[in-house]
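Remarks on the overall topology
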Amino acid sequence: MTTDQQDTDTAALDTDVLVVGAGPTGLMLAAELRLGGAEVVVVDQRPGPTTESRASTLHARTMEILDSRGLLDGLGTPPCEPRGHFGGVPLDLTLPGPYPGQWKVAQTRTEELLERRAADLGADLWRRHQLLSLTVRDGADGAPEGVEAETIGPYGPVRVRARHLVGCDGEDSTVRRLVRAPFPGQDARRELLRADVSGVSVADRRFQRLRHGLAIAATRDGVTRVMVHEFGRPVTERGGGEPDFAEVTDVWKRVTGEDISHGTPLWVNAFGDANRQLARYRHGRVLFAGDAAHRQMPSGGQALNLGLQDAFNLGWKLAAVVRGSAPEDLLDTYDTERRTVGRQVLANIRAQVELLLGGPEVEPARALLTELLAVDGVRRHLAGMISGLGIRYDVGGGAAGPDAPVDEGELGGRGAGAAAVPGAGSRSGDPAGLHPLLGRRLPDAWLEPAAGGGRRRTTELLRTGRGLLLSLAGNRAGARAGTDALRAALAPWADRVEFVAGPPEAGGPLPAGQALLVRPDGHVAWAGPHPDGLSAALTRWFGFPAARD
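The notes below deal with the structure included here.

What counts and what doesn't
Residues numbered from 1 in each chain as written. Predicted model: local features only at pLDDT ≥ 70, side-chain atom pairs only at ≥ 80, totals over all residues. Heavy atoms only, no water. Helix = DSSP H or I, 4+ residues; strand = E, 2+ residues; numbered from the N terminus. Buried < 20%, exposed > 50% of the residue type's maximum accessible area, 1.4 Å probe, protein only. Contact = heavy atoms within 4.5 Å. Areas by Shrake-Rupley, 256 points an atom, 1.4 Å probe, with all protein chains shown as cover. Pairing = 2+ DSSP bridges. Axes fitted to C-alpha atoms, helices over the stretch in contact; angles between N-to-C directions. Parallel < 35°, antiparallel > 145°, perpendicular 65-115°, else oblique. Left-handed = near helix turned anticlockwise from the far one by under 90°. Nonpolar A, V, L, I, M, F, W, Y, C, P; charged D, E, K, R; others polar. Core = buried A, V, L, I, M, F, W, Y, C linked by side-chain atoms within 4.5 Å. Salt bridge = Lys/Arg side-chain N within 4 Å of Asp/Glu carboxyl O. Phe/Tyr/Trp six-rings, centres within 6.5 Å; stacked < 30°, edge-to-face > 60°. Lys NZ or Arg CZ within 6 Å of the ring centre and 35° of its normal. Expected span 1.5 Å × (residues − 1). Bend = angle between axes of the 7 residues up to and from the residue.

Right, let's get into the overall build of the chain. Along the chain, the regular secondary structure elements total 13 helices and 28 strands. Residues classed as buried in the chain amount to 55% of the 549 residues present. Of the contacts formed within the chain by residues at least 6 apart in sequence, a portion of 71% connects residues at least 24 apart. Accessible area for the chain stands at about 22,000 Å²; split by element, carbon and sulfur atoms hold 51% of it.

The next thing to look at is the sheet that holds strand E8 (residues 102-104). Pairing between the strands of a sheet is mediated by backbone hydrogen bonds and can be parallel or antiparallel. Ordered in space as E4-E8-E5, the 3 strands form an open sheet in which the pairing is antiparallel. Looking at the sheet topology across the chains shown, the edges are occupied by strand E4 (57-59) and strand E5 (80-81). The pairing of E5 with E8 spans 2 bridges and is classified as antiparallel. Residue pairing for E8: Glu81 is matched across the bridge by Gln102.

Further remarks concern the sheet that holds strand E28 (residues 524-528). On the basis of which strands lie adjacent, the open sheet formed by 4 strands has the order E26-E25-E27-E28 and mixed pairing. Taken across any chain shown, the strands that pair with only one partner, and hence form the sheet edges, are strand E26 (497-501) and E28. Neighbouring strand axes in the sheet, compared pairwise and without regard to direction, differ in orientation by 15° on average. Relative to E26, strand E25 (residues 467-471) runs parallel, the two being bridged by 5 bridges. In the sheet register, Leu470 faces E26, and the bridge partner there is Val500.

Before going further, it helps to spend a moment on the packing of helix H1 (residues 24-35) against helix H3 (residues 107-120). Look at H1 against H3: their axes get within 8 Å of each other, and the N-to-C directions meet at 25°. Judged by the inter-axis angle, H1 sits roughly parallel to H3. Here H1 and H3 pass one another in a crossing that is left-handed. Two secondary-structure elements touch here, H1 through Pro24, Leu27, Met28, Ala30, Ala31 and Leu35 and H3 through Gln107, Glu111, Leu114, Glu115, Arg117 and Ala118. In the contact of H1 with H3, the residues fall into 8 nonpolar, 1 polar and 3 charged.

Moving on, we come to the nonpolar core. Within the largest apolar cluster, 104 residues are counted, with the highest numbers of intra-cluster contacts made by Leu18, Leu33, Leu165, Val166, Leu469 and Leu517. For this core, the leading source of residues is helix H6 (residues 302-323), giving 12 residues. Residues contacting Leu33, with those up to four places away along its chain left out, are Val17, Val19, Ala38, Val40, Gly315, Leu318 and Ala319.

With that settled, consider the pattern of salt bridges. Scanning the entire structure with this criterion turns up 45 salt bridges. Here Arg282 ties to Glu328 by a salt bridge, and the two come within 2.9 Å at their closest N and O atoms. With a gap of 46 residues between them, Arg282 in strand E20 (residues 282-283) and Glu328 in the loop between H6 and helix H7 (330-357) connect regions that are remote in the sequence. Residue class for Glu328 comes out partly exposed when judged on its relative accessible area of 27%. Several salt bridges share partner residues, and in doing so they unite Glu191, Glu230, Arg233, Arg238, Glu247 and Arg254 into one network.

Turning our eyes to something else, we now look at the packing of aromatic side chains. A complete count under the given rule lists 3 aromatic pairs for this structure. Plain terms: the ring middles of Tyr281 and Tyr334 are 6.0 Å apart, the flat faces sit at 50° to each other, and that makes the pair tilted. Of this pair, Tyr281 sits in the loop between strand E19 (275-277) and E20 while Tyr334 sits in helix H7, and the two are 53 residues apart along the sequence. Exposure class is identical for Tyr281 and Tyr334. Each is buried. Across from the ring centre of Phe183, 3.8 Å away, lies the NZ or CZ of Arg176, which sits over that ring.

Attention shifts here to the environment of Asp250. Looking at the element boundaries, Asp250 is found in helix H5 (residues 245-256). On a C-alpha basis, the gap between Asp250 and Ile260 in space is 8.9 Å, while along the polypeptide they are 10 residues apart.

What follows deals with H6. Under the 1.5 Å per step criterion, the end-to-end length of H6 is 32 Å for 22 residues, consistent within 8% with the ideal 32 Å. The largest bend along H6 measures about 30° and falls at Leu314. H6 sits mainly inside the fold: 21 of its 22 residues count as buried. Immediately downstream of H6, the backbone of Gly324 shows phi near 90°, a positive value.

So, about unusual backbone geometry. Of note in this structure, Phe207 is not a glycine but carries a positive phi near 55°. Examined against the element boundaries, Phe207 turns out to sit in strand E15 (residues 205-209). Despite not being glycine, Asp221 shows a phi value in the positive range, around 55°. Tracing the sequence through the fold places Asp221 in the loop between strand E16 (213-220) and strand E17 (223-230).

Put into structure tokens, the structure is as follows:
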């Protein structure tokens, strides 16, 4: 990052990536960009981190992501609840993996953790800086290609020149407005009122459907969070402001018959069922992540987790592009992968809103869903969708979009010896002949030592932020020859991808005798028993090979 003074009134700053917004998504992105070697500046108009815990749920995939960067110790031991919900209908979220269920972490704590991570890695955070305008430079006038943003801060205007800009500035995104990015969908028709209140004694309620509406209440550390919806009540126009406490207490009393007006409100807000998604997450050198890219009711914590996972997908790709080790079109895979996931999440939230906020007319559908959730395949599909464990990216070879989660225990039992499609390492019996791990997250598993040393855990191998080529062969002479062939094929990318060899723990989820190419975000990009197709996968995900001397 460099700075200069272009005139007496405006300071100028050069960086690789400008991130607008220092919420959880922007901070996660800044940390990933720095881990990947990119210079990054984050601007945010707020004076400091949020003091409002709008979102308090981290799902299993997000917990795995934090673990893959060594961040979980910073959260202590948060409470875990194996049971979630789908539209207020109880849903067991337990699936194979190290962090089943949902974990209760205040958003203030999540932001604190991610801000410290970004700062430790060298990201620059500029608070009290408001974005005023932005211009995309195409190089036609001789100026360097990139984005030029005008901001105003405590000490005056600052012009930031960056190669790319990412809007992580929330559902009312200034970046989205300045770019005029199409944001199709529907406005809110219904809403939930929410308040954190001290000094009240209210019984805990988990999606209690009463005659006149829906009531939710939970008390932690002397503070009660109440949420309420009155059936048939439309969204209230408040001129962009939040409801006052009197509005919450009035609706709460009409729905529950209880008076909480004597309590002390610590925080009050409302959130509606608006449902919108950008037509594209990438607009040339301007990209979007988190609520700036999609707007939805935060049902079951999905909004926060969706944004964090957007950032985790984008960070390593954008860092590779600005470093020059990957072509610009790698960023198109961010758009296709995360927009596909976002579309499915928004669809499931629309369905949940109908079940949650609908009146007596939705009771038959709720009863049917309750029956269907007793079928384990249905439960697993929805749990994989909510938790993020069911995501399967199209990494080539035909894998497509989010899918139901793999039973990792079954994967471990299918091991070596199955037929492979060249380049994809597919096994007979899997859909479209695909290897069952292709496009999915790398399972948390142990590798036995290949030659000396100790056991290694796959999640910990991801902490460098580099790619991985795992050779899961044993120590037999034939296996060593295959490992040597893989190592030789990887050599031109050794500056970007780490080679690790060792047989998987017996009975675990990894296929013995196979090899896996793993992206920095932990998703498997190639799988097979021999190097066929490996170079093509390395080129697609890690750029052209380094020039040899």
